[in-house]
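# Secondary and tertiary structure notes
Now for the letters of each chain:
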Amino acid sequence: MNTETVNNGIEVYTHRLFTLADEYIQERLKGKEEDVQKNFRDLIFFMADRIEKPDNSEIELLDGLFEAYTRVCARYGKLPTLECFSWLVKIDRNTFTDWQKKEYRSSTAHSSTVKKWLNICRGFTVDELSNSKFANPNLIFIAKAAYGMRETAPLPALETENKRVLTASELPKLGNKSKQNDITELPNLSTSSGQLPDLNTFNTD
(Lines give C-alpha, C1' and ligand atoms only; values in the text may rest on other atoms or scores of the structure.)
Protein backbone atom coordinates (compact mmCIF):
# COMPACT_ATOMS: atom_id res chain seq x y z
CA MET A 1 0.00 0.00 0.00
CA ASN A 2 1.15 3.54 -0.80
CA THR A 3 -0.42 5.14 2.25
CA GLU A 4 1.22 6.81 5.22
CA THR A 5 0.09 6.51 8.83
CA VAL A 6 -0.64 9.79 10.58
CA ASN A 7 -0.59 10.49 14.34
CA ASN A 8 -4.00 9.04 15.07
CA GLY A 9 -3.17 5.79 13.28
CA ILE A 10 -5.24 6.54 10.20
CA GLU A 11 -3.66 5.67 6.85
CA VAL A 12 -3.82 8.47 4.29
CA TYR A 13 -2.58 9.11 0.76
CA THR A 14 -0.27 12.10 0.49
CA HIS A 15 -0.54 12.43 -3.28
CA ARG A 16 -2.95 11.42 -6.01
CA LEU A 17 -0.23 9.35 -7.72
CA PHE A 18 0.01 7.05 -4.70
CA THR A 19 -3.76 6.53 -4.75
CA LEU A 20 -3.62 5.67 -8.45
CA ALA A 21 -0.72 3.28 -7.90
CA ASP A 22 -2.81 1.24 -5.47
CA GLU A 23 -5.85 1.41 -7.77
CA TYR A 24 -3.70 0.09 -10.61
CA ILE A 25 -2.38 -2.76 -8.50
CA GLN A 26 -5.91 -3.83 -7.58
CA GLU A 27 -7.52 -3.32 -11.00
CA ARG A 28 -4.78 -4.42 -13.39
CA LEU A 29 -2.50 -6.66 -11.33
CA LYS A 30 -5.10 -8.36 -9.11
CA GLY A 31 -3.34 -7.10 -6.00
CA LYS A 32 0.13 -8.36 -7.01
CA GLU A 33 2.30 -5.39 -6.10
CA GLU A 34 5.42 -7.38 -6.96
CA ASP A 35 4.40 -7.17 -10.64
CA VAL A 36 4.51 -3.37 -10.75
CA GLN A 37 8.14 -3.13 -11.83
CA LYS A 38 7.68 -5.10 -15.04
CA ASN A 39 4.48 -3.19 -15.81
CA PHE A 40 5.77 0.22 -14.81
CA ARG A 41 5.16 1.98 -18.12
CA ASP A 42 1.58 0.76 -18.11
CA LEU A 43 1.23 2.16 -14.58
CA ILE A 44 2.48 5.54 -15.80
CA PHE A 45 -0.05 5.63 -18.64
CA PHE A 46 -2.77 4.54 -16.21
CA MET A 47 -1.87 7.48 -14.00
CA ALA A 48 -1.59 9.90 -16.93
CA ASP A 49 -5.16 9.14 -17.99
CA ARG A 50 -6.51 9.86 -14.50
CA ILE A 51 -4.59 12.79 -13.03
CA GLU A 52 -5.52 16.42 -13.40
CA LYS A 53 -2.53 17.71 -15.32
CA PRO A 54 -1.39 21.24 -14.48
CA ASP A 55 -1.12 23.78 -17.26
CA ASN A 56 2.38 24.05 -18.73
CA SER A 57 2.71 27.48 -17.16
CA GLU A 58 2.22 26.09 -13.64
CA ILE A 59 5.79 24.96 -13.06
CA GLU A 60 5.39 24.72 -9.28
CA LEU A 61 2.56 22.20 -9.66
CA LEU A 62 4.54 20.26 -12.28
CA ASP A 63 7.48 20.22 -9.86
CA GLY A 64 5.23 18.72 -7.18
CA LEU A 65 4.16 16.03 -9.63
CA PHE A 66 7.79 15.29 -10.44
CA GLU A 67 8.60 14.83 -6.75
CA ALA A 68 5.74 12.37 -6.35
CA TYR A 69 6.78 10.61 -9.57
CA THR A 70 10.34 10.08 -8.31
CA ARG A 71 8.97 8.61 -5.08
CA VAL A 72 6.87 6.15 -7.07
CA CYS A 73 9.98 5.25 -9.08
CA ALA A 74 11.99 4.70 -5.89
CA ARG A 75 9.21 2.60 -4.37
CA TYR A 76 9.19 0.21 -7.32
CA GLY A 77 12.90 0.11 -8.13
CA LYS A 78 12.81 2.18 -11.32
CA LEU A 79 15.14 4.99 -12.34
CA PRO A 80 13.25 8.24 -13.01
CA THR A 81 13.75 9.81 -16.44
CA LEU A 82 12.39 12.93 -18.10
CA GLU A 83 11.14 10.69 -20.90
CA CYS A 84 8.90 8.74 -18.54
CA PHE A 85 7.82 11.90 -16.73
CA SER A 86 6.81 13.40 -20.08
CA TRP A 87 4.42 10.46 -20.59
CA LEU A 88 2.91 11.10 -17.17
CA VAL A 89 2.24 14.81 -17.70
CA LYS A 90 1.64 14.53 -21.47
CA ILE A 91 4.24 17.14 -22.34
CA ASP A 92 6.54 16.47 -25.27
CA ARG A 93 10.06 15.64 -24.08
CA ASN A 94 11.50 18.26 -26.45
CA THR A 95 9.48 20.90 -24.61
CA PHE A 96 11.50 20.20 -21.47
CA THR A 97 14.67 20.80 -23.50
CA ASP A 98 13.26 24.10 -24.79
CA TRP A 99 12.50 25.17 -21.23
CA GLN A 100 15.94 24.12 -20.06
CA LYS A 101 17.64 26.15 -22.79
CA LYS A 102 15.33 29.12 -22.14
CA GLU A 103 14.09 28.99 -25.71
CA TYR A 104 10.59 29.23 -24.28
CA ARG A 105 9.26 30.55 -20.93
CA SER A 106 12.64 32.13 -20.27
CA SER A 107 11.28 34.64 -17.75
CA THR A 108 9.96 31.98 -15.36
CA ALA A 109 11.46 29.20 -13.23
CA HIS A 110 10.97 26.60 -15.97
CA SER A 111 14.65 26.41 -16.94
CA SER A 112 16.01 25.99 -13.41
CA THR A 113 13.27 23.48 -12.57
CA VAL A 114 13.99 21.25 -15.56
CA LYS A 115 17.70 21.40 -14.74
CA LYS A 116 16.84 20.29 -11.22
CA TRP A 117 14.77 17.39 -12.58
CA LEU A 118 17.61 16.36 -14.87
CA ASN A 119 20.10 16.42 -11.99
CA ILE A 120 17.76 14.28 -9.88
CA CYS A 121 17.49 11.72 -12.68
CA ARG A 122 21.25 11.79 -13.11
CA GLY A 123 21.72 11.35 -9.36
CA PHE A 124 19.54 8.24 -9.38
CA THR A 125 21.68 6.84 -12.21
CA VAL A 126 24.94 7.56 -10.39
CA ASP A 127 23.57 5.96 -7.22
CA GLU A 128 22.51 2.88 -9.19
CA LEU A 129 25.98 2.55 -10.70
CA SER A 130 27.59 3.10 -7.29
CA ASN A 131 25.65 0.30 -5.64
CA SER A 132 25.61 -2.22 -8.47
CA LYS A 133 27.38 -5.53 -7.84
CA PHE A 134 27.87 -6.09 -11.56
CA ALA A 135 28.75 -3.92 -14.53
CA ASN A 136 25.69 -2.77 -16.44
CA PRO A 137 26.88 -1.67 -19.89
CA ASN A 138 23.42 -0.48 -20.89
CA LEU A 139 23.18 1.82 -17.89
CA ILE A 140 26.73 3.06 -18.46
CA PHE A 141 25.80 3.89 -22.05
CA ILE A 142 22.70 5.79 -20.86
CA ALA A 143 24.83 7.69 -18.34
CA LYS A 144 27.00 8.82 -21.22
CA ALA A 145 24.30 9.48 -23.80
CA ALA A 146 21.59 11.04 -21.61
CA TYR A 147 23.62 12.75 -18.89
CA GLY A 148 26.93 13.58 -20.58
CA MET A 149 29.08 11.50 -18.27
CA ARG A 150 32.35 9.91 -19.23
CA GLU A 151 35.14 7.96 -17.56
CA THR A 152 38.58 9.55 -17.78
CA ALA A 153 40.75 6.51 -17.03
CA PRO A 154 40.76 2.99 -18.53
CA LEU A 155 38.39 0.53 -16.90
CA PRO A 156 39.49 -2.93 -15.83
CA ALA A 157 37.60 -5.96 -17.08
CA LEU A 158 34.22 -6.05 -15.34
CA GLU A 159 31.93 -8.97 -14.76
CA THR A 160 28.30 -8.67 -15.83
CA GLU A 161 25.34 -10.28 -14.10
CA ASN A 162 25.39 -13.20 -16.53
CA LYS A 163 29.07 -13.79 -15.64
CA ARG A 164 30.41 -12.58 -19.01
CA VAL A 165 33.54 -10.46 -18.54
CA LEU A 166 33.57 -7.11 -20.30
CA THR A 167 36.82 -5.49 -21.32
CA ALA A 168 37.42 -1.77 -21.17
CA SER A 169 37.06 -1.45 -24.94
CA GLU A 170 33.47 -2.77 -24.71
CA LEU A 171 32.32 -0.16 -22.20
CA PRO A 172 31.24 3.38 -23.05
CA LYS A 173 33.40 6.06 -21.53
CA LEU A 174 32.03 7.90 -18.56
CA GLY A 175 33.52 11.34 -16.30
CA ASN A 176 34.53 16.12 -14.00
CA LYS A 177 32.77 18.77 -15.83
CA SER A 178 34.68 20.38 -18.66
CA LYS A 179 33.98 24.08 -18.76
CA GLN A 180 34.50 24.15 -22.52
CA ASN A 181 32.12 21.42 -23.62
CA ASP A 182 29.90 21.06 -20.52
CA ILE A 183 30.62 17.34 -20.29
CA THR A 184 30.27 15.85 -16.83
CA GLU A 185 33.07 13.56 -15.74
CA LEU A 186 32.73 10.89 -13.09
CA PRO A 187 35.43 9.99 -10.59
CA ASN A 188 37.93 7.35 -11.72
CA LEU A 189 36.02 4.08 -12.02
CA SER A 190 39.09 1.86 -12.00
CA THR A 191 39.18 -0.70 -9.18
CA SER A 192 41.29 -3.68 -8.40
CA SER A 193 38.26 -5.79 -7.52
CA GLY A 194 36.47 -5.31 -10.82
CA GLN A 195 33.43 -3.83 -9.08
CA LEU A 196 32.11 -0.31 -9.52
CA PRO A 197 33.32 2.06 -6.77
CA ASP A 198 31.37 4.50 -4.66
CA LEU A 199 30.39 7.46 -6.83
CA ASN A 200 28.80 9.48 -4.04
CA THR A 201 31.48 12.13 -4.57
CA PHE A 202 29.93 12.97 -7.93
CA ASN A 203 29.15 16.67 -8.20
CA THR A 204 26.23 17.84 -10.34
CA ASP A 205 26.90 21.59 -9.90
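Heads up: these notes are all about the structure in this document. Each chain carries its own residue numbering, running from 1 in the written order of its sequence. Residue-level local features of this predicted model are given only where pLDDT is at least 70; pairs of side-chain atoms are given and counted only at 80 or more, and the full residue set underlies all totals for whole chains, interfaces and linings. Only hydrogens and water are set aside when side-chain values are computed; all heavy atoms of the structure are taken into account.

### A closer look at the overall build of the chain
For the chain, the helix and strand inventory stands at seven helices and six strands. Start at the N end of the chain and walk to the C end: the helices and strands fall as β-β-α-α-α-α-α-α-α-β-β-β-β. Counting all 205 residues of the chain, 39% fall into the buried class. Strands here mean DSSP runs of E at least two residues long; helices mean DSSP runs of H or I at least four residues long; both are numbered from the N terminus. Burial status follows relative accessibility: with a 1.4 Å probe on protein chains alone, a residue under 20% of its type maximum counts as buried, one over 50% as exposed, and anything between as partly exposed.

### Here's the deal with the packing of aromatic side chains
By convention, a stacked pair of Phe, Tyr or Trp rings (six-membered ring in the case of Trp) has centres within 6.5 Å and planes under 30 degrees apart, an edge-to-face pair has planes over 60 apart, and any other such pair is tilted. Applying the stated criterion across every chain yields a total of ten aromatic pairs. Aromatic side chains Phe 45 and Trp 87 sit 5.7 Å apart centroid to centroid with 25° between the ring planes, which places their arrangement in the stacked category. Residue Phe 45 is found in helix α2 (residues 40–48), and its partner Trp 87 is found in helix α4 (residues 82–89); the two are separated by 42 residues along the sequence. Using a relative accessible area of 39% as the deciding quantity, one classes Phe 45 as partly exposed. Plain terms: the ring middles of Phe 66 and Phe 85 are 5.1 Å apart, the flat faces sit at 90° to each other, and that makes the pair edge-to-face. On the criterion of sequence distance, the pair formed by Phe 66 in helix α3 (residues 59–75) and Phe 85 in helix α4 is long-range, its members being 19 residues apart. There is no split in this pair, since Phe 66 and Phe 85 are both buried. Ring pairs connect the aromatic residues Phe 66, Tyr 69, Phe 85, Phe 96, Trp 99 and Trp 117, which therefore count as one cluster. We call a charge positioned above a ring when the Lys NZ or Arg CZ atom is no farther than 6 Å from the ring centre and deviates by at most 35 degrees from the ring normal. The lysine or arginine in question, Arg 50, covers the ring of Phe 46, its NZ or CZ lying 3.6 Å from the ring centre.

### So, the state of the cysteines
Here, the term disulfide refers to a pair of cysteine sulfur atoms separated by no more than 2.5 Å. According to the stated counting rule, one finds zero disulfides in the structure shown. Cys 121 forms no disulfide, and the closest cysteine sulfur to it belongs to Cys 73, at a distance of 7.9 Å.

### Focus: the environment of Cys 121
Examined against the element boundaries, Cys 121 turns out to sit in helix α6 (residues 110–130). We call two residues contacting when some pair of their heavy atoms lies within 4.5 Å. In contact with Cys 121, other than residues within four places in its own chain, are Phe 66, Pro 80, Thr 81, Leu 82 and Tyr 147.

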